[in-house]
Amino acid sequence: MTTSTAISCAGVSVFFDDFRALNKVSIDVKAGQVVALIGPNGAGKTTLLNALSGRLPQTTGRIMLGGTDISRVPVHRRAAMGLGRSFQIINIFPEMTVRENLRLGAQPHKFRFQPFWRDVSGWRDLDEKACAVAEEVELTDVLDTPAAMLSHGRQRAVELGLSLMSDPSVLLLDEPLAGVGQAEIDQTVALIERVRHGRTVLLVEHNMDVVMNISDEIIVMINGEILMRGTAAEVQADPRVREAYLGSGDRDA
Amino acid sequence: MTRFWTRDFLIALGLCVLLLAAPLVTRNESVFFLLSLIVIWSIFALAFDFCFGRGGILSFGHAAFFALGAYGYTWATMDLGLGFGAGLAMAILCGAVFAVIVGLVGQRVTGLYFALLTLMLAQLLAIIMVTRLRRFTGGDDGIAGVPRPMFGGIDFFETVNFFWLIAAILLAVVVTMHVLNRSPLGQAIAGLKQNEERARQIGFNTARLRLAVLSISGAYSGLAGALLGALLMYVSPQLLSWKVSGDVLIMALLGGTGTLAGPILGVTLFELLKEVLSSYTEYWYGILGITFILCTIFLPKGVVSLLLGRDKSR
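For clarity, every value in this text was computed on a predicted model and none was experimentally measured. (Residues numbered from 1 in each chain as written. Chains lettered and ligands numbered in written order. Predicted model: local features only at pLDDT ≥ 70, side-chain atom pairs only at ≥ 80, totals over all residues. Heavy atoms only, no water.)

### A look at a nonpolar patch on the surface
A cluster of nonpolar residues, I290, I293, L294, I297 and F298 of chain B, forms a patch on the protein surface that exposes about 540 Å² of accessible area. Take L294 of chain B: it is sitting in helix α13 (residues 284-298). (Patch = residues over 30% accessible without salt bridge, like charges linked within 9 Å, V, L, I, M, F, W, Y side chains within 5 Å. Areas by Shrake-Rupley, 256 points an atom, 1.4 Å probe, with all protein chains shown as cover. Salt bridge = Lys/Arg side-chain N within 4 Å of Asp/Glu carboxyl O. Helix = DSSP H or I, 4+ residues; strand = E, 2+ residues; numbered from the N terminus.)

### Regarding empty space enclosed by the protein
Here the idea is plain: a probe the size of a water molecule rolls over the atoms and shows the empty space left. Residue and element names in this part refer to chain A. Per the stated rule, a full pass over the model turns up one cavity of 30 Å³ or more. Reported here for the largest cavity is a volume of approximately 60 Å³. As for the largest cavity, its lining consists of S86, R156, A157, E159, L160, L173, P176, T188, L191 and I192. When residues of the lining of the largest cavity are traced back to their parent elements, those giving at least two are α5 (152-164) and α6 (182-195). Looking at which element gives the most residues to the lining of the largest cavity, the answer is α5, with four residues. The residue inventory of the lining of the largest cavity, partitioned by class, reads six nonpolar, two polar and two charged. (1 Å grid on protein atoms, 1.4 Å probe; cavity = no way out; pocket = protein on both sides within 12 Å on 5 of 7 lines; lining within 4 Å. Points joined across faces, edges and corners; volume = space filled by probe spheres on them. Nonpolar A, V, L, I, M, F, W, Y, C, P; charged D, E, K, R; others polar.)

### Points about the layout of surface pockets
Of the voids in this model, the second largest pocket is the one considered here, and its volume is about 650 Å³. P74 of chain A together with R108, R200, T206 and A207 of chain B are, among the 25 residues lining the second largest pocket, the residues nearest its centre. When residues of the lining of the second largest pocket are traced back to their parent elements, those giving at least two are α2 (75-80) of chain A together with α9 (196-201) and α10 (206-232) of chain B. The biggest single contributor to the lining of the second largest pocket is α10 of chain B, with five residues.

### Focus: the pattern of salt bridges
Under the criterion given, the structure shown has 16 salt bridges over all chains. A salt bridge links E159 of chain A to R198 of chain B; its shortest N-O distance comes to 2.6 Å. Of this pair, E159 of chain A sits in helix α5 while R198 of chain B is found in helix α9, placing the two residues in two different chains. Considered together, E159 of chain A and R198 of chain B belong to a single accessibility category, that of buried residues. (Buried < 20%, exposed > 50% of the residue type's maximum accessible area, 1.4 Å probe, protein only.)

Here it is in structure tokens:
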């Protein structure tokens, strides 16, 4: 495992008028690590992911992907540079089949110059890439099913698959288990375990059992700031973390 | 998406063939004038729906692209003395360029706000063309004597011959749009409509995609405008009216958006109702309005849904 930093930010703040959603947050994630962001609702976890992926412009601070400053790079260029993300709410192309979803995900990265009149189903490379990712996220059996007709857990897999189409080196996952039924949680966790190979993962998740199991490190956030950072054991043992959770009365596990 | 010959495409082709075959049944001049209007407005409605039904961009200002096409064709043929083909190219260019301008001005707004912006820009263009550019547009009087094509020794002042020409162009529009919709660009545009945020997050430059949608729609609209100018042999600021933008929206919704057959059916129904009703009552527009309301309630996906049924893949 290399020890270079895959993604980092320094002094990143996001203000909504007077409200400080993020206050001078600095993190760095080493290549190959799985790092979880936890904290009570409103702690700024999703805001941090939004700032990293470029969905929300940061008010101050700098964001680095590998050795490149991406603070001012628009969302679609960050995606092309190897930053993939999934969303808390399922964010896929509902009217398209799984195959069409994945094919579309590969399109911006695989073919820069394409004659517009060529039928998209004729692009063998796109299809092969879509099939390969479908296999990775276990969607091969529903390739030609419209995405809207899949179960929630499998739509999650489409969501994850879409994030993988650009061959990202860094994956930002926003509550990958949100809304997934108990029966499908193990499958989804296995999926995350599989796609983390060769990638760096920063995820936001409320399911503590899962977080403790799959993360190398955990960052605890509260009120837009970082409270502490450590291994699962260190975080569980820290009295401040308990207070933060118990104090807010919010413990989704 | 897997089949090339979708039901929607086949119905659209069938409608084109029916139109092309009309001269075998009748040679009545006024019938052909009506059919010519249907053909030209079908091209315009398809152009509008490319923007609205495919790209998910609502516009209340498509009259501007349509009218600029008509004027562009007139300028190219009458002032510059160019031929029919070059005139059409000019019309396509005028429509596309103004659409890009609208897109650039509206880069930061979406949805209804963008639609209102298109209306505003179209009205602005109308005012400028009537007052400031009178030398080029003939002001409120318009320009008469817009030429029809001349080639191959065919007399296109003969209504039937001109009709055949424009019906063939409609067929070409249907085929090119179908190919375009199935192309990588078409898929990206479908993605833009279904989930703009996701499209951006997987690496599409959605601002540029929106410009692509608008310019393609503007180009086809310009083409339709040029053909209307040639049919009437006259262009006027009437073409720039907000009513033109409203009519094309109603036609597309009536027929069924996001399809190829829908806009053609919508135009046909609209023009036929107008023709029949206006001979009985001066309140035909009101009755048309009621028909439209009933359609949106009972056939929310347009008249075309009767033919497409529940076929998901269309």
